[in-house]
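# Remarks on the overall topology
Single-letter residue listing:
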Amino acid sequence: MQNKSILIAGATGFVGQALVPYLMDKGYDVKILTRNISTAKKVFPHNVAIYKWPEGNEKALLGTNKGCEAIINLVGANIGEKRWTKNYKNKILSSRVNSVKNIEELVKLMPNKPKVWVQASAIGYFGDDNNAGRASGFLANVVKQWETVFKAVQIKGLRKVTLRFGVVLSQQSGMLHQMKKVFNMGVAVCPGNGKQIFSWIHIEDLVSAIYQSIINEDWHGDFNAVAPNALSMWDFTKQLQTKTKAVIALKIPAFVFQLFLGKEKANELMLASQHVLPTKLLKNNFKYRFQYFIDTLED
């Protein structure tokens, strides 16, 4: 296969860290666009080109990306990392919206345009399920503005794919990694009454979905990147307990999470119910490896 070039923005997160080696194994020449050069150099091998973004290096970037096959945008401040102060909520929104605008400006300057732009989004768009329409609240508003800006991108010949991520599960990072550490202290903690539905996707399946978005020319528009077997939070807690040192599983009242995380963040991240299905991916015969992820976890 002839070497092809892919530009990834926001690759230093755990999705990007899984995606880069996957694409390199597929024969792609991967280039990273990042605000943190030093971190990227520690994370990625020497044969991954790393560029500072967005300020000051457009000419160098354009000169090395004339054959760019695709752009993947994973940029976005971590919604779970900090308390949702007014300033941090502004950062969560602006990091996503501005990344789309900046990449659009960059693509318009490229002498040879990429064929496809794969844009990360989130299932926070929805209410309780696919049919409930758009949810209300801070995260739903973020997703609405994020996707509105992306849908407004008009570049001739550019195919656009939006992947709405469910909760991404990985043993190396993210929510699952953090929960296992807590559970290994002896108690499996479930937020609230545990009835809230938990729509998830395994990191390997998500990486595969991104790759399929690149190579399948009939893929365009919005896709729900979630596994078909959503769980209640209580079922998820009990299943995960079997792979940890937790001797008991407890439902912790909602007000405890609201106290420590802030009411808005706790309600939207930990206590909200979202039963989202990958209907469009299944319609397009996408081959998720749908084995129940618990069976693959290390004790």
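### Focus on the pairing of strand β3 (residues 49-52)
Taken residue by residue, a regular strand's side chains alternate between the two faces of the sheet. Relative to β3, strand β2 (residues 28-34) is paired through four bridges, and the arrangement is parallel. Bridge assignment links Ile-32 to a residue of β3, and that residue is Ile-50. Read as a crossover between parallel neighbours, the route from β2 over helix α2 (residues 37-43) to β3 is right-handed.

### So, the pattern of salt bridges
Any two side chains of opposite charge can pair if their charged atoms end up close together. Per the stated rule, a full pass over the model turns up eight salt bridges. Note that Lys-89 and Glu-264 form a salt bridge whose closest N and O atoms lie 2.8 Å from each other. In this pair, Lys-89 is assigned in helix α4 (residues 86-109) and Glu-264 in helix α10 (residues 263-270), connecting sequence segments 175 residues apart. The exposure class of Glu-264 is partly exposed, given its relative accessible area of 32%. Taking the shortest distance from any N to any O, the salt bridge between Arg-164 and Asp-222 comes out at 3.4 Å. A residue pair is termed long-range when its members are at least 10 positions apart, and Arg-164 in strand β6 (residues 159-165) and Asp-222 in strand β11 (residues 221-225) qualify at 58 residues.

### Regarding the packing of aromatic side chains
What characterises a pair of aromatic rings is the spacing of the ring centres plus the angle enclosed by the ring planes. On inspection of all chains with the given rule, the structure shows six aromatic pairs. Pairing Tyr-22 with Tyr-211 gives two aromatic rings, centres 5.7 Å apart and planes at 70 degrees, and the pair type is edge-to-face. Placement of the pair is Tyr-22 in helix α1 (residues 14-25) and Tyr-211 in helix α7 (residues 203-215), with a sequence separation of 189 residues. What makes Tyr-22 partly exposed here is its relative accessible area of 25%. For the pair Trp-219 and Phe-223, a centre-to-centre distance of 4.7 Å together with 15 degrees between the ring planes defines the contact as stacked. Each member of the pair, Trp-219 together with Phe-223, is buried.

### Comments concerning the sheet that holds β11
Sheet strands pair by backbone hydrogen bonding; their relative direction is either parallel or antiparallel. Taking strand neighbours across the sheet as the criterion, the seven strands line up as β3-β2-β1-β4-β5-β6-β11 in an open arrangement whose pairing is parallel. Since the sheet does not close on itself, it has two edges, and those belong to β3 and β11, each with one partner. Taken pair by pair, the neighbouring strands of this sheet meet at an average axis angle of 20 degrees, ignoring direction. Both strand β5 (residues 116-122) and β6 contribute to a ladder of seven bridges, which runs parallel. Each residue of the ladder has a partner; that of Trp-117, found in β6, is Lys-160. Taken strand by strand, α4 contacts β1 (4-9), β2, β4 (68-73) and β5, and its axis lies near 165 degrees from that of β4.

### Section: the confidence of the model for the chain
The pLDDT averaged across the chain works out to 85; a share of 85% of its residues lies at or above 70. β5 holds the highest mean pLDDT among the elements of the chain, 96, whereas helix α3 (residues 58-64) holds the lowest, 65. Counting interchain partners and residues more than four positions distant, the pLDDT-below-50 stretch residues 285-291 has 20 contacts.

### Comments concerning the packing of helix α9 (residues 254-261) against α10
Across the interface, α9 lies against α10 with an axial gap of 7 Å and an inter-helix angle of 125 degrees. Comparing the axis directions of α9 and α10 gives the class oblique. Crossing angle aside, the handedness with which α9 passes α10 is right-handed. Contacts between α9 and α10 involve Phe-257, Gln-258 and Leu-261 on the former and, on the latter, Lys-263, Lys-265, Ala-266, Asn-267 and Met-270.

### Some points on a nonpolar patch on the surface
Together, Val-187, Val-247, Ile-248 and Leu-250 line one region of the surface with nonpolar side chains, adding up to about 330 Å² of accessible area. Inspection of the secondary structure puts Leu-250 in strand β13 (residues 248-252). For Leu-250, a relative accessible area of 37% puts it in the partly exposed group.

### A closer look at the nonpolar core
Ranked by size, the top nonpolar core spans 36 residues in total, and within it Ile-8, Leu-23, Ile-32, Ile-72, Phe-165, Ile-210 and Ile-214 carry the most contacts. Looking at this core, the elements that each hand over two or more residues are β1, α1, β2, β4, β5, β6, α7 and β11. Per-element accounting of this core gives the leading share, seven residues, to α7. Beyond its immediate stretch of four places on either side in the chain, Ile-8 contacts Leu-19, Val-20, Leu-23, Val-30, Lys-31, Ile-32, Leu-33, Ile-72 and Leu-74. In terms of nonpolar packing, the next biggest core, distinct from the first, is built from 30 residues, Leu-7, Trp-53, Val-142 and Phe-150 among them.

Reading the values: rules and limits
- Residues numbered from 1 in each chain as written.
- Predicted model: local features only at pLDDT ≥ 70, side-chain atom pairs only at ≥ 80, totals over all residues.
- Heavy atoms only, no water.
- Pairing = 2+ DSSP bridges.
- Helix = DSSP H or I, 4+ residues; strand = E, 2+ residues; numbered from the N terminus.
- Right-handed = clockwise from strand over helix to strand, strands pointing away.
- Salt bridge = Lys/Arg side-chain N within 4 Å of Asp/Glu carboxyl O.
- Buried < 20%, exposed > 50% of the residue type's maximum accessible area, 1.4 Å probe, protein only.
- Phe/Tyr/Trp six-rings, centres within 6.5 Å; stacked < 30°, edge-to-face > 60°.
- Axes fitted to C-alpha atoms, helices over the stretch in contact; angles between N-to-C directions.
- Contact = heavy atoms within 4.5 Å.
- pLDDT = per-residue confidence, 0-100.
- Parallel < 35°, antiparallel > 145°, perpendicular 65-115°, else oblique.
- Left-handed = near helix turned anticlockwise from the far one by under 90°.
- Patch = residues over 30% accessible without salt bridge, like charges linked within 9 Å, V, L, I, M, F, W, Y side chains within 5 Å.
- Areas by Shrake-Rupley, 256 points an atom, 1.4 Å probe, with all protein chains shown as cover.
- Core = buried A, V, L, I, M, F, W, Y, C linked by side-chain atoms within 4.5 Å.

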